[in-house]
Amino acid sequence: MEISLCKLMKRFKNTTEAIDETQSILRLNYDCLFEIFSYLDIRELMKMEMVCQWFKEVAEMVYKTKRLLWLMTSVEKFSEEETQDISMRIGPYVRTLMANCNNFENVYEGLKSFLSNFRNLRQLRLRRLDCFMKKSSELELAECLRKPTQLKTLNLRGNSELRGQFLPELQNIQEIDLTCCGYIQASYFELFLSRNQGLTSLNIENCKFITSACLAAIAKLQNLRSLVINNSYRNDNASSISLLGDLPCLKDLAISKWVEPLEFVCASTRKLHSCLTSSFSKLKKLEFRQWKKGLNANILLQLACKNTIEELHFAYCKLTNDLLIAIIGNYQKLRLLHIRGRYKITDDLIRGILPLLSERVEPLKIAAEKFQLSPEIDSFISNEKLKIIQLTQDSNNSDVICWFFRW
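Residues numbered from 1 in each chain as written. Predicted model: local features only at pLDDT ≥ 70, side-chain atom pairs only at ≥ 80, totals over all residues. Heavy atoms only, no water.

As a further point, take the packing of helix α5 (residues 80-90) against helix α6 (residues 107-115). Between α5 and α6, the least distance of the axes is 8 Å, while the angle of their chain directions is 15°. On the basis of their axis angle, the class for α5 and α6 is roughly parallel. By crossing handedness, the relation of α5 to α6 is classed as right-handed. Residues Glu80, Thr83, Gln84, Ile86 and Ser87 of α5 form the contact with α6, whose participating residues are Glu109, Gly110, Ser113 and Phe114. Looking at side-chain class alone, the contact of α5 with α6 contains two nonpolar, five polar and two charged residues. (Axes fitted to C-alpha atoms, helices over the stretch in contact; angles between N-to-C directions. Helix = DSSP H or I, 4+ residues; strand = E, 2+ residues; numbered from the N terminus. Parallel < 35°, antiparallel > 145°, perpendicular 65-115°, else oblique. Left-handed = near helix turned anticlockwise from the far one by under 90°. Contact = heavy atoms within 4.5 Å. Nonpolar A, V, L, I, M, F, W, Y, C, P; charged D, E, K, R; others polar.)

Right under this line is the structure:
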């Protein structure tokens, strides 16, 4: 249960009982008080400043330790004056900011003044930009995003109302997530890519605007290491995906399947399968998402990258024990098999893969949500060549992993 220190102080202040000075919080040393204050949110810290000079000095030291500012679930809106106070106190120290735009009373002025003091901000995630777009333009959004001059990572997933006019105004971006930003215009996206050749991570999952020209522009990103795409895109451009196989630094590829039964998907998927068997030979991590149908077992066993893959991820895909056993037998460098969805790890799978691990130097980790194992299989799981990991809802949240694995 969370306890508000502000409420405790107010109750303490209004009490008529005799005060035992030996039990007063004011007698705590700096380290104890600092530890207590570190659990308070930003609004409570600002209230602590008003208690006394001693509290103010400790609160100011706590501000300097803040590297993450989370404003995603605030119930009360921040006034323009309050956003300015917050940004002045912790803005210079925060490296990662995650915020809902509807938390600001005056969205444009509030966000603009808020970001103006985050001069060392590296990572930014913004949600509910629909609140921003009701009264402002995308050029004004670009003006806000240019305030943190050190910004390298931008996460705008789920902001489907964006058209992309702000994108060409951004420079020196290294990582960007545009998941489900389906209405961004291809011309703006291409111009963004041309001005941010240093991109190392790009997520364009469920982006309907992608064209052959967009894929060709992505193929010119020589520093790109991580890429999330769909198995196909519109305008008959699936063959252009083969261009991505020549990216020299690409090590992490995730392929998400379109959920809609679109006519172009089947033919495009066949082209993608052909591409995976002939290109992408240097991948170390490969992920398939939402492949409930069409995940070809023969293709998986003939991937060009099967000799380099270290991590293989399946999210809500149709899998069988025989398929996984065959994959583990063919992928000699595989160290992590990560499975999300309904598939259950069973005794038959464990017994089937153990003989394949006898000559491996490093153990194989299997991470999954669901297990159906008998008590007698425990002796097999304790084998030093195999490690089983139970995924919880938090550890399985790809969005959280995306933002927090760097820390």
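On to the environment of Asn155. Counting through the fold element by element, Asn155 comes out in strand β4 (residues 153-155). In this structure Asn155 comes out as buried when scored by relative accessible area, which is 1%. (Buried < 20%, exposed > 50% of the residue type's maximum accessible area, 1.4 Å probe, protein only.)

This brings us to helix α9 (residues 186-195). Those residues of α9 not exposed but buried are Ala186, Phe189, Phe192 and Leu193. Buried residues of α9, seen end-on, are gathered within an arc of 120° and therefore sit on one face of the element. Buried residues along α9 sit against β5 (175-177), β6 (201-203) and α10 (212-218). (Arc of directions from axis to C-beta.)

One pass over the full model with this rule turns up 10 salt bridges. Glu49 is paired through a salt bridge with Arg89; the nearest N and O atoms lie 2.6 Å apart. With Glu49 in the loop between α3 (42-48) and α4 (53-63) and Arg89 in helix α5, the pair connects residues that are 40 residues apart, well separated along the chain. For Glu49, a relative accessible area of 12% gives the class buried. Residues Glu362 and Arg335 are paired through a salt bridge, measuring 3.3 Å at the closest nitrogen-oxygen approach. Placement of Glu362 in the loop between α14 (347-353) and β12 (364-372) and of Arg335 in the loop between α13 (321-330) and β11 (336-346) is noted, with a sequence separation of 27 residues between them. (Salt bridge = Lys/Arg side-chain N within 4 Å of Asp/Glu carboxyl O.)

Turning to α4, a few remarks are in order. Of the positions making up α4, those classed as buried are Phe55, Val58, Ala59, Val62 and Tyr63. Around the axis of α4, the buried residues are gathered within 150° of arc, so they sit on the same side.

Attention now goes to the packing of α6 against helix α8 (residues 138-145). The contact between α6 and α8 brings their axes to 8 Å, and the two run at 20°. Between α6 and α8, the crossing angle belongs to the class labelled roughly parallel. The hand of the α6/α8 crossing is left-handed. On α8, the residues touching Tyr108, Leu111, Lys112 and Leu115 of α6 are Glu140, Glu143 and Cys144. Looking at the contact of α6 with α8, its residues break down into four nonpolar, no polar and three charged.

Summed over the entire model, instances satisfying the criterion amount to six aromatic pairs. Measuring from centroid to centroid gives 5.7 Å for Tyr30 and Phe34, while their planes differ by 35°, and the two rings are tilted. Pair noted here: Tyr30 and Phe34 are both in helix α2 (residues 30-37), with a separation of four residues, about one helical turn. With a centroid separation of 5.2 Å and an interplanar angle of 70°, the aromatic rings of Phe189 and Phe209 are classed as edge-to-face. Separated by 20 residues along the polypeptide, Phe189 in helix α9 and Phe209 in the loop between β6 and α10 bring together distant segments of the chain. Accessibility classification places Phe189 together with Phe209 in one group, the buried group. Of the aromatic side chains, those joined through ring pairs into one cluster are Tyr30, Phe34 and Trp54. (Phe/Tyr/Trp six-rings, centres within 6.5 Å; stacked < 30°, edge-to-face > 60°.)

Here Ser226 is to be found in strand β7 (residues 226-230). Excluding its chain neighbours within four sequence positions, the residues that come into contact with Ser226 are Thr200, Ser201, Leu202, Leu250 and Asp252.

Turning to the confidence of the model for the protein, a few remarks are in order. In the predicted model, the protein carries a mean pLDDT of 79, and the fraction of residues at 70 or more is 81%. Looking at the elements of the protein, mean pLDDT is at its lowest for helix α16 (residues 398-404), recorded as 32, and at its highest for β5, recorded as 95. Contacts from residues 259-267, a stretch scored under 50 in pLDDT, to residues over four places away or in other chains number 10 contacts. Every residue in residues 395-407 scores below 50 in pLDDT, and together they form 25 contacts with partners more than four places removed in sequence or on other chains. (pLDDT = per-residue confidence, 0-100.)

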